[in-house]
Amino acid sequence: MIDATTLILTLVWGVAIGCIYILLATGLNLIFGVMKLVNFAHGELLMIGAYVCFSISTAFGVNAYIALFLSMGIVALIGVAVERLAFRRVLGTDKLNEIFVSLGLILIFDNIAVLIWGEKIKQITSPFENMSLQLGGVAISYDRLISLAFVAAILVGLMFLIKKTKIGRAMRATSQKSQSAMLMGINIEHIYIFTFALGAALAGAAGSLYGIIAPFTPYIGAIPTIKAFAIIILGGLGSIPGAIIGGLLYGIAEQSAVIFFGGIWRDAVAFSLLIIVLILRPKGLFGEKGD
Amino acid sequence: MFTKKFTKENILKILQSTKGRIILIAIAVSLAFPLFISDTYIIRILTLIAIFTIYASSWNLLAMSGQGSLGHAAFLGIGGFTSSLLAINLGVPPIIGIFIGAAFSAGIGFLIGVTCVRLQAWFLAMVTFGFSVIAETLFSQFDDYTHAVLGFPTPLLVAPGLPFYYFAVVISIITVAVIYLIMKSKMGLAFRAIHQNVAEASMTGINTAKYKLYAFVLSTFFAGLAGAIYYHFLKYISVSVFAADNSFKPLMMSVIGGLGTIEGPIIGSAIMVFIDALLPNIDGTLQLALSPLFPAVSNVGPPVRLLGLGIFLVIVVVFLPKGVTSLLHKIYDYLRRELKIGEKP
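From a predicted model like this one, the values you see are computed outputs, not experimental measurements.

Scoring rules and cut-offs
- Residues numbered from 1 in each chain as written.
- Chains lettered and ligands numbered in written order.
- Predicted model: local features only at pLDDT ≥ 70, side-chain atom pairs only at ≥ 80, totals over all residues.
- Contact = placed C-beta atoms within 7 Å.
- Helix = DSSP H or I, 4+ residues; strand = E, 2+ residues; numbered from the N terminus.
- Nonpolar A, V, L, I, M, F, W, Y, C, P; charged D, E, K, R; others polar.
- Domains from an automatic or database assignment.
- Core = buried A, V, L, I, M, F, W, Y, C linked by C-beta atoms within 7 Å.
- Buried ≥ 20, exposed ≤ 12 C-beta atoms within 10 Å, placed from the backbone.
- Axes fitted to C-alpha atoms, helices over the stretch in contact; angles between N-to-C directions.
- Parallel < 35°, antiparallel > 145°, perpendicular 65-115°, else oblique.

Tallying the contact residues gives 38 residues for chain A and 36 residues for chain B. Sorting elements by how many residues they give to the side of chain A that touches chain B places helix α4 (residues 95-117) of chain A first, with 17 residues. Broken down by class, the residue content of the side of chain A that touches chain B amounts to 29 nonpolar, six polar and three charged.

Structure follows, in structure tokens:
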């Protein structure tokens, strides 16, 4: 039988992994909501974020959590380049084209990472390595707790940006109806660039946290992308609270699957959950009505 | 269904047109080619092109109805495993087994299709991708029956070498012809209408869910057939069939060749298979030229080639939305115009 300690550990692990997925999913969700663009290469930005954070923290000996912010900025710039050079040109054409461009980008990013950093497994050294909080027989590493706090802070900041600032209002207007937003004097091109950069920065942050709590290679990007999509679908398109609930549910479901059924079921159980939700509620669990 | 279009005169007319001649020449060349070059390596490459033509065409058929799959490897694997396991466990001759494999794949495709055809493009892409992951897990879990984890040698379908080449070419010609006929029929018209605009298609009285399901079943049938032939050809099958790489291949072939055209997947699979087969030769040169730049990698060649493929894919999608085929059409039109101008005076 599975005892309480295992159960709590499962929960903690699930929440920590879920947090990283939430960041990635929120970025994807923003881009989808505002630009109606599906970026299947979003996970590659996570991977690049992990490597950039790794390089900065090892090359300059900077604290990994400070390198995270630099990594966010650099990944945001990469995001701008991707939006301008690739996605901008197929936006508004056939939906399938976005999937094709994303696949091309996956190949490009994966192999650039291989060329620059090699294929060996790497992990960012955290300043709190091997330190953990003892809670009634359960050891929770500081890194997981810090990443939880980071995610919470970033999400609160993001909510503030979207709900309270001028550019946030412009983003919401563009997501509701881009043509009307244009008529109201919003430069939607700028909004698109800003949104994509923001989404990419979130992916960069997610990647840095991923690199701190788990080892990574150039090929880690694909699966988190799909999982982030699953979370968006679970939580409903365009809803940030939905993504948070979806992400936590997903992380816990995934870890439970590993504990109860074994490691090979990790991805399959989660996808089964996703397919069932899609069939029963094509708009997601908390999705809004209409298209 | 083919009432007016395919009377004898019409077929003759098609065969006498330039297009018809090109098709006939292409078929004749593909059949006669091995008579002149009998190098086993080249025959192997040509056989792969024929097999991937089937696979890419099946993917392309789905795309013609406006649906994108990111998990076609699942159907490739189901076809391959069904045919091989039937031959080993029940002694079913592989020549029948490949069609049973295809039918089984189509059956699974039907079940996926029934639940998913109403989903939007990217949701369907997600579900199909998820399905290939689930299929991989199930095949590994029930290893006692599938022997998938370590894999096993597959029985002989046709004698390797030339006989296999002709077999693959004939099947691929039949596949392409069937898809051509489908696209010329009322069903094909419905596919195109759905691809252009689902809402308008359903407004004009097309049962969009039904036709999308047809496209899904037909596509998974041919994907299963391709898988069965492919893994008899490779002589070995394991759970690695379900890798995402195998799902993305037909997509890239169709897109690079020319999405939504009959000849696109053929050209695309030829380009991709040639790149796969011939470019490793330049790895040595790349290694010499670029290894000082990238000290982190021991072998520079493969990532550089894949990087090139990615850039090529993005450029094709951005600048040549109809793929390499459209470039060929432009060259063809240009030549014809030039020649006619030459004739006038």
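Let us now look at the domain arrangement of chain B. Residues and elements named next belong to chain B. When its domains are assigned, chain B resolves into domain 1 (1-36) and domain 2 (37-343). Its C-alpha centre places domain 1 at a distance of 24 Å from the equivalent point of domain 2. Between domain 1 and domain 2, the contact holds nine residues from the first and twelve residues from the second. Partitioning the side of domain 1 that touches domain 2 into residue classes produces seven nonpolar, one polar and one charged.

On to unusual backbone geometry. Here Lys-36 of chain A, not a glycine, exhibits a phi torsion of approximately 55°, which is positive. If you trace the backbone, Lys-36 of chain A turns up in the loop between α1 (4-35) and α2 (42-59). Within the chain, Lys-235 of chain B stands out as a residue other than glycine whose phi angle is a positive 70°. By the secondary structure assignment, Lys-235 of chain B is in the loop between α11 (208-234) and β2 (236-237).

Counting residues in hydrophobic clusters, the biggest one holds 195 residues, and the most contacted among them are Ile-51 and Leu-313 of chain B. With residues up to four places along the chain from it excluded, the contact list for Leu-313 of chain B reads Phe-100, Leu-103, Gly-104 and Leu-107 of chain A together with Met-252, Val-255 and Ile-256 of chain B.

Working note: a packed helix pair is described by the angle between its axes plus the distance between those axes. Residues and elements named next belong to chain B. As a packed pair, helix α4 (residues 72-90) and helix α12 (residues 244-257) sit with axes 7 Å apart at the nearest point and diverge in direction by 110°. Classified by the interaxial angle, the pair formed by α4 and α12 is roughly perpendicular. From α4, His-72, Ala-73 and Leu-76 reach across to α12, where they touch Asn-246, Ser-247 and Pro-250. Partitioned by chemical class, the residues of the contact of α4 with α12 number three nonpolar, three polar and no charged.

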